[in-house]
Amino acid sequence: MRKIKYLIICFFIFANCWSQKQIPGDDQNKTILLYNAKIITGVGTVVEDGFFGFSNGKIDHLSISKPEKKYDLEIDLKGQHIYPGFIALNSTLGLVEISAVRASDDQREIGTFNPNIRSIIAYNAESRIVETMRLNGVLIGQITPRGGVISGSSSVVQFDAWNWEDATIKYDEGMHVNWPNPYNRPSRWSSGSRTVTSSKNYLDEVNNLKNIFNKALSYNSDFSKKLDLKLESMKNLFNGLQTLYLHAKDQRQIIDGVSFFKSLGIDKIVVIGGDEAHQIIEFLKNNNVSVIASHPHRLPSREDSDVKEAFKLAKTLVSNGINLSIDVRGGMERPNTRNLPFFAGSFVGNGLDYDAAIKALTINPAKILGIDKDYGSLEVGKSATFFVSKGDALDMKTNILYHAFIDGRELELSNHQTKLRDKFLEKVSRNN
Amino acid sequence: MKKLSLILFFTIQLSSFSQEYFPTNIDIKSELKTYILIENATVIVSPGEIIKDGSILVKDGKIVEIGSDFSVPNNTVKYDMSGLYVYPSFVDVSSSFGTKNPSNTSRSRSTEYKSSRQGYYWNDHILSDYNTIDDFNYDEKKSKELREFGFGVVNIHRKDGVHRGTGALVALDDKSNNSFRILNPTSTESFSFNRSLQFNQAYPSSIMGAMALLRQFYHDLKWYEDGGSTSTDMAIEAAIKNYSLPKIFSAGDKLNVIRALKISDQLGFKSIVEGSGYEYENIEDLKNYDNTIVVPINYPKAFDLTDVHIVEKLTLQQLKRWNQAPSNLVQLSNNNINFAISPKNVKNSSEFFNNIRKSISYGLDSDEALAALTITPAKSINMEGKIGVIKQGAYANFLVTSGPIFEKETIIFENWVMGNKHTVKNVPKNSIDGDYVFSDNGSKYELVVKNSQGKINVSLKKDSIKLNVKSVVKNGWLNMSIVDKENELYGFISSTINTNGLGSISFTDFEGIKKNILLKKSGENTEPVKKIKKHDQYELIPVSYPNKAYGFKSKPKKQNVLFKNATVWTGESDGILENTDVLVSDGKIKSFGKNLSFSNVKVIDATNKHLTAGIIDEHSHIAASSINEGGQNSSAEVSIEDVVDHEDINIYRNLSGGVTTIQILHGSANPIGGQSAIIKLKWGEKNDEMIFKDAPKFIKFALGENVKQSNWGSYNRYPQSRMGVEQVFVDHFQRASEYDKEWKKYNKLSKREKNKTIAPRFDIEMEVIAEILNKERHISCHSYVQSEINMLMKVAEKFGFTVSTFTHILEGYKVASLMKRHGVGGAAFSDWWGYKFEVNDAIPYNGPIMTKAGVLVAYNSDDAEMSRRLNQEAAKAVKYGNLSEEEAWKYVTLNPAKLLKIDDKVGSIKVGKHADLVLWDKNPLSVYANAEKTMIEGVFYYEKDNIDAQLKSMQEEKNLILSMMIEAKKRGEETVEPVLEEKRIYECETVETIL
């Protein structure tokens, strides 16, 4: 019996079983209708036993009633669930292949201020880790550089591509700033512990950061200047074309950072991390700041903290009206990004509303990234970027994917790992 | 007056000591030997034993007579101490006075594995041949300071190395020389858990390594003594010579104190152990020992509370310690634990006595405080009756004070050491307080002297008009300068000091005419010395279990519990039972079934809830103070059981995820790691009580990148390739098997033959590895790629045993059938991969494929965070491997129990097994599930519903203590900048150093 089940899974994912890498799906040339599925739209609505049609990469039908038009392929999904493709924010997927192998690491450049750095050109569309994302429903990612105080700009990619150019949904949509740390946390441990103090350099570091932004502001309002790559690369922050991502956990960082950037006239500010965001709700609301909250699979910040602290953050933010998405940064972040649906599930297990959790994986990030016209929800006219799961995609037991599509292209769901699985299942079945 | 200067003369003469048999060339040989008599004093012979109007007769630095009535030889110099108190000078047994701290050697880039000394023990951190006295340098500045603290004799040790060699007993007598003041050049031996700063040899790199090293050293000592060695080892020889000396252990934090006691006990030494100052937190553990603990009294200072961002992050433990530490001594005393007081890290004598007074205000008996400074330390180094006491035959070391020693107003005037007087405070010993009158030039002067033994306060009136006076006591005279503002005139008064007040005065009047006038005392001070108001004692916050966040106010008790109407995941052939009741009695699962009912049990309605066995984590690194001993490629001799940290907050966090039992594994820094500890997460219980009773013995092995040190600095430790890893195993097993044979052969000898034969060398490492060969210890081996997994199975088969568990086992699916054949289980991650080269082929289907091939599989954490949600990890076996929920659940309960060979006790819900149970609000495999209650052996150690109340009560306690700190600052107590303390989270790869 179990063997048969394996075969069924295999059957769904069988295309090109032995190729070295996944081959990107071909453009949609047949119209497809999926019916009898539970459709979770990503904008807070659920269509039970719905009809879901798409052609030329766009959704052209979504309702509880059968379309009049006849589709080339009409598939009965019998109670399976359809979700918009989940979006991973603040990800370094494709920038590092194996953390411990330095040669495969391209996530950070040296130096403190690197606004001119662009993550997209280093993005490896063929990363084996990226391949594994889609099997859990993670189909889009914001590829983000790390390091320094200004890390550089991120771009949005979809996870089924030949190369970075082909992968890109949106270039250089955001600039990433790591606000200086108000605490001094020595990197050396002495007999299993260390002492943390208020940083003596905090103000200096903040002033240095402010300095480069002030310079960039004046540079970009002067038209007779000599080209300065760094300052030039910051211009879209001031004209609203680029979002400023403020990486900040501590409440002081958030308040100091948001206040400063607002004072420069930068309006699109999103906080990444925000471990203490729940302590400054009013401030965030007044400044209309969204939070990409640290994911819940982290330890409480202090030994005195609520043991469930990390799990409760999302609920507190959402119930206070803060726009929530989920940060995938953390331990083993690239391989673990496929657990993004379960980060959301863990939040739900600790009080977050299910719809809000889905939004945090779909429409909210799409809006932050400025790709919500096409992505982030299932609505007629939008891109057919979605997946079909056996059941609830936020729960491990039922997050079992049968199909996934990006822009109407059916994705190969096999990957390096499923190939190894199949190879060695064969060995087991031969009893040797 | 004449008499006084005569005495002065004699003292000077006496101080120029010289040894009888030394020639003299700068003067004629004059050896004037006189007796010294201290008379009319209140003599505190020892705590509680007081002689009023007592006298002490001293000769040659020793007390020859004591009492209130004895005849005095003619050649005696007498000191009248009327109204004064005489106490024995204090003794510190753990001093570093006059020792030379070695400087830190520059670290070479590559790690050193060999010792750098020849003719000594194989490990550089064993410095048993070192004698502190060889580098001793009498430090007059420091000795003056210590005498102000009241100390007369200190036992000194250089603080360097694991075995620190010998210390010396030194009297703080500035007025003689080393020939007299060194009372014993080799008085004690000392140990620590810290490496020597002088040497770079990598081993030991951890506390557990230091412990193992000490054990091995003393095994080697015995063997050497028996003639087992053919070579010379001067370190061992020194230790043999000094074997019977009292031992002192520099421990460190409070857990290390217990470790020091434990290992001393194992070595057969009743070591004096340097305490942490927080002994009250684990007093139950200490009660098992009757060693002397040398306790510091540098109590935490109140925090300055201005930096709100730091203040709000202070932990309950930090705050509580400020509140509770002053009660440490009284708690030790109440529990009959021997303790001595150490001046370590106390800034000055006023802080020292203040803190002793603080202890007394918390209930410590002042005689006990005195004992802790005198007879207890003296006894601990076998110097009872010689120091720390005023007794015939004892060294003449005593303090002369104005009153009872621990009273706030009391002044220590003199600290006599070896019969030599050392002035501590140069103020009149006799009270000259009083009102004096004299007349001059038709004016009447009224002189009022107050508080003459402390800070002298003098006021002077001329015909009832107050004059401006400055006063100072110098060379036994009270000198005053006077300003008569009205007449713009100056004058000077100088007065001698007699035993009962001021004598005659020299008065240089305002015209500059010198006169000698007799003073007349008109009366004692009308106003007594103002007593400084005793501070209200702060409310003492009770100790909790553990004494920090989430500590229980009182230890939770075993309960008889009936879970009603639960969905019960038995993990046995009964499968998952709906609407079932489970009875827990006396810590065991008593019965389960439908509609059970019992009296006298706590009934818990578990309707719509799921009851499972507690989760078992086969691979954890929480709850340990140390995880890797990477100083050698095999460290089988070290044991995690030595370094369990039963107060790690991650224990509580794990309970919140339904975990009840964990195996704390040694890290993966070397192919043969250390022995593991299997513990139950009994939050709040004593260290020893967490150890899983009757669990089999395990050891960690490791393969792959970590043991080859691929991802960190070292390039010179063997092995650097997987090929070498195999050879390390073969070599060790081969040697262990020969070792075992040799011992077995020896043990078979008759008693007579044994007497004629030298026993083989006892080697802890080989003992442990031989246990593996004898199937008394099981291997849990950290493993990645298939080649190495296969290799270890082959090595094991060659030596005739079975590997118990491959932990991590990322490529187990590739060799599942081989594993099945060998009989080894796999404890894997559900979906970790991609973090290093050797995990490229790790797949989330690994566990289920191994299961399919018939291998016993568990999922483990290796991670303090993930361990709290192993239920979710188990669910991934359903997602990736299509396993039934029942089977998936066994991945984190019954299967790890089987791997650890404790499945007869835990791992499933079966009558007779331990009541280690978790009540979940939903199907435990669901991402939405939360553990509501976690029980171990019938005790609820975690209840989700209590969290809010716990957090609230923690916050209230913190607020209370913070308000006390604000009060403390108002009272003018010293405050310090607060800092946050963070504890390191250990992983397999965490490499520590113990400097």
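Residues numbered from 1 in each chain as written. Chains lettered and ligands numbered in written order. Predicted model: local features only at pLDDT ≥ 70, side-chain atom pairs only at ≥ 80, totals over all residues.

Of regular secondary structure, chain A possesses 14 helices and 18 strands. Radius of gyration (C-alpha) of chain A: 23 Å, near the 22 Å computed for a compact globule of 432 residues. Considered along the principal axes of its C-alpha atoms, chain A spans approximately 65 × 55 × 40 Å. Counting across all 432 residues of chain A, residues that qualify as buried make up 52%. Partitioning the intrachain contacts of chain A with sequence separation of at least 6 by distance along the chain shows that 68% fall at a separation of at least 24. (Helix = DSSP H or I, 4+ residues; strand = E, 2+ residues; numbered from the N terminus. Rg over C-alpha atoms; globule rule 2.2 N^0.38 Å. Buried ≥ 20, exposed ≤ 12 C-beta atoms within 10 Å, placed from the backbone. Contact = placed C-beta atoms within 7 Å.)

This brings us to the overall build of chain B. Broken down by element type, chain B carries 25 helices and 44 strands. Reported as C-alpha extents along the three principal axes, the dimensions of chain B are approximately 115 × 70 × 50 Å. Counting only residues that meet the buried cut, chain B has 52% of its 995 residues in that class. In chain B, once contacts between residues fewer than 6 apart in sequence are set aside, the share between residues at least 24 apart is 68%.

All right, on to the sheet that holds strand β8 (residues 163-171) of chain B then. Residues and elements named next belong to chain B. Pairing in this open sheet of eight strands is mixed, and the strands run β6-β7-β8-β9-β10-β11-β12-β14 from one edge to the other. Edge strands, defined here as strands with exactly one partner in the open sheet, are β6 (90-95) and β14 (339-342). Each strand axis lies, on average, 30 degrees off the axis of its neighbour in the sheet, ignoring direction. (Pairing = 2+ DSSP bridges. Axes fitted to C-alpha atoms, helices over the stretch in contact; angles between N-to-C directions.)

With that settled, consider the interface of chain B and chain A. Interfaces are frequently sized by the accessible area removed from exposure as the parts join. At the junction of the two partners, chain B supplies 57 residues and chain A supplies 48 residues. Mapped onto the side of chain B that touches chain A, the elements with two or more residues apiece are α8 (308-311), α14 (649-656), α20 (816-822), α21 (846-852), α22 (870-881), α25 (947-970) and β44 (980-983) of chain B. Per-element tally for the side of chain B that touches chain A: the top contributor is α22 of chain B, with five residues. Its residues assigned to classes, the side of chain B that touches chain A comprises 29 nonpolar, 13 polar and 15 charged. Taken together, the four bridges between strand β11 (residues 193-198) of chain A and β44 of chain B define a ladder with antiparallel strand orientation. (Nonpolar A, V, L, I, M, F, W, Y, C, P; charged D, E, K, R; others polar.)

Another point: the domain arrangement of chain B. The domain boundaries assigned to chain B delineate domain 1 (91-104 + 112-382), domain 2 (434-523) and domain 3 (559-614 + 907-937). A straight line from the C-alpha centre of domain 2 of chain B to that of domain 3 of chain B covers 89 Å. (Domains from an automatic or database assignment.)

What follows is about the pairing of strand β21 (residues 477-484) of chain B. Residue and element names in this part refer to chain B. When strand β20 (residues 465-474) meets β21, the two strands line up antiparallel, connected through seven bridges. Paired with lysine 474 across the strands is tryptophan 477, a residue of β21. The hairpin turn running from β20 into β21, its antiparallel successor, is two residues long, and asparagine 475 in that turn takes a positive phi close to 50 degrees. Sheet analysis places β21 next to strand β22 (residues 489-498), joined by eight bridges and oriented antiparallel. For aspartate 484, the partnering residue across the bridge sits in β22 and is leucine 489.

Our focus in this paragraph is the environment of leucine 340 of chain A. Residues and elements named next belong to chain A. Looking at the secondary structure, you find leucine 340 in helix α11 (residues 340-349). Linking leucine 340 and isoleucine 326, residues 14 residues apart in sequence, is a C-alpha distance of 7.9 Å. When sequence neighbours within four positions are dropped, the list of residues in contact with leucine 340 reads Phe86, Ala88, Val138, Ile326, Val328 and Leu361.

This next bit is on helix α16 (residues 722-748) of chain B. The end-to-end C-alpha distance of α16 of chain B, which contains 27 residues, comes to 39 Å, matching closely the 39 Å that a straight helix rising 1.5 Å per residue would cover. Buried positions along α16 of chain B lie against β33 (672-675), α18 (764-773) and α19 (786-798) of chain B. (Expected span 1.5 Å × (residues − 1).)

Moving on to the domain arrangement of chain A. Residues and elements named next belong to chain A. Annotation of chain A at the domain level lists domain 1 (2-84 + 387-429) and domain 2 (86-375). Contacts between domain 1 and domain 2 engage 26 residues on the former and 24 residues on the latter. Those elements giving two or more residues to the side of domain 1 that touches domain 2 turn out to be β5 (81-84), β16 (386-389), β17 (401-406) and α14 (416-429). The leading source of residues in the side of domain 1 that touches domain 2 is β17, at three residues. Tallied by class, residues from the side of domain 1 that touches domain 2 come to 14 nonpolar, nine polar and three charged.

Turning our attention to the nonpolar core. Among the nonpolar cores identified, the biggest contains 369 residues, and Leu246 of chain A together with Val86 of chain B are the most heavily contacted of them. Top element by residues in this core is helix α4 (residues 207-225) of chain B. It accounts for 11 residues. Beyond its immediate stretch of four places on either side in the chain, leucine 246 of chain A contacts Val177, Trp179, Ile254, Gly257, Val258, Ile269, Val270, Val271 and Ile272 of chain A. In terms of nonpolar packing, the next biggest core, distinct from the first, is built from 15 residues, Leu460, Ile493, Leu502 and Leu519 of chain B among them. (Core = buried A, V, L, I, M, F, W, Y, C linked by C-beta atoms within 7 Å.)

On a regular strand, one side chain projects to one face of the sheet and the next to the other, so that they alternate. Residue and element names in this part refer to chain A. As paired strands, strand β1 (residues 32-40) and strand β2 (residues 46-55) are joined by seven bridges and run antiparallel to one another. Across the sheet, residue leucine 34 finds its bridge partner in β2, namely phenylalanine 52. Linking two consecutive strands that pair antiparallel, namely β1 and β2, is a turn of five residues; a positive phi of about 95 degrees is found at glycine 42 within it. By the bridge criterion, five bridges tie β2 to strand β3 (residues 58-63) in an arrangement that is antiparallel.

This paragraph deals with the confidence of the model for chain A. Taken over all residues, the pLDDT of chain A has a mean of 93, while the share at 70 or more is 95%. Note on residues 1-19 of chain A: pLDDT is under 50 here. Beyond four places in sequence and across chains, it has 19 contacts. (pLDDT = per-residue confidence, 0-100.)

It is worth spelling out the packing of α11 of chain A against helix α12 (residues 354-361) of chain A at this point. Residues and elements named next belong to chain A. Axis separation between α11 and α12 bottoms out at 9 Å; the angle between their running directions is 155 degrees. By the angle between their directions, the pair α11 and α12 is classed as roughly antiparallel. Relative to α12, the crossing made by α11 is right-handed. Contacts from Leu340, Pro341, Ala344, Phe347 and Val348 in α11 reach Tyr354, Ala357, Ala360 and Leu361 in α12. (Parallel < 35°, antiparallel > 145°, perpendicular 65-115°, else oblique. Left-handed = near helix turned anticlockwise from the far one by under 90°.)

Residues and elements named next belong to chain B. All of the buried residues along helix α2 (residues 140-149) are Ser143, Leu146, Arg147 and Phe149. Across the axial projection of α2, the buried residues extend over an arc of 150 degrees, all falling on one side. Against β6, β7 (151-156), α11 (349-361) and β16 (412-416) lie the buried residues of α2. (Arc of directions from axis to C-beta.)

Here we take up the sheet that holds strand β31 (residues 615-620) of chain B. Residue and element names in this part refer to chain B. The three strands are arranged β31-β32-β34 in an open sheet whose pairing can be described as mixed. Sheet topology places β31 and β34 (677-680) at the edges, where each strand pairs with a single neighbour. Adjacent strand axes in the sheet meet at a mean angle of 20 degrees when their direction is disregarded. Strand direction decides the pairing type here: β31 and strand β32 (residues 659-664), joined by four bridges, are parallel. Looking across to β32, one finds that isoleucine 615 is bridged to valine 659.

All names here are of chain B. For chain B, the mean per-residue pLDDT works out to 92, and 95% of the residues sit at or above 70. With pLDDT under 50 throughout, residues 1-16 is counted as low confidence; its partners more than four residues away or in other chains account for eight contacts. In the model output, the complex is listed with pTM 0.93 alongside ipTM 0.94.

A word on unusual backbone geometry. All names here are of chain B. Across the junction of tyrosine 545 and proline 546, the peptide omega takes the value -10 degrees, indicating a cis bond. Relative to the assigned elements, proline 546 resides in the loop between β25 (520-523) and β26 (561-569). Note that the residue after tyrosine 718, namely proline 719, is joined by a cis bond; omega there is 0 degrees. Of note, proline 719 is situated in the loop between β35 (697-702) and α16. Positive phi, close to 40 degrees, is recorded for asparagine 579, a residue that is not glycine. Here asparagine 579 lies in strand β27 (residues 576-585).

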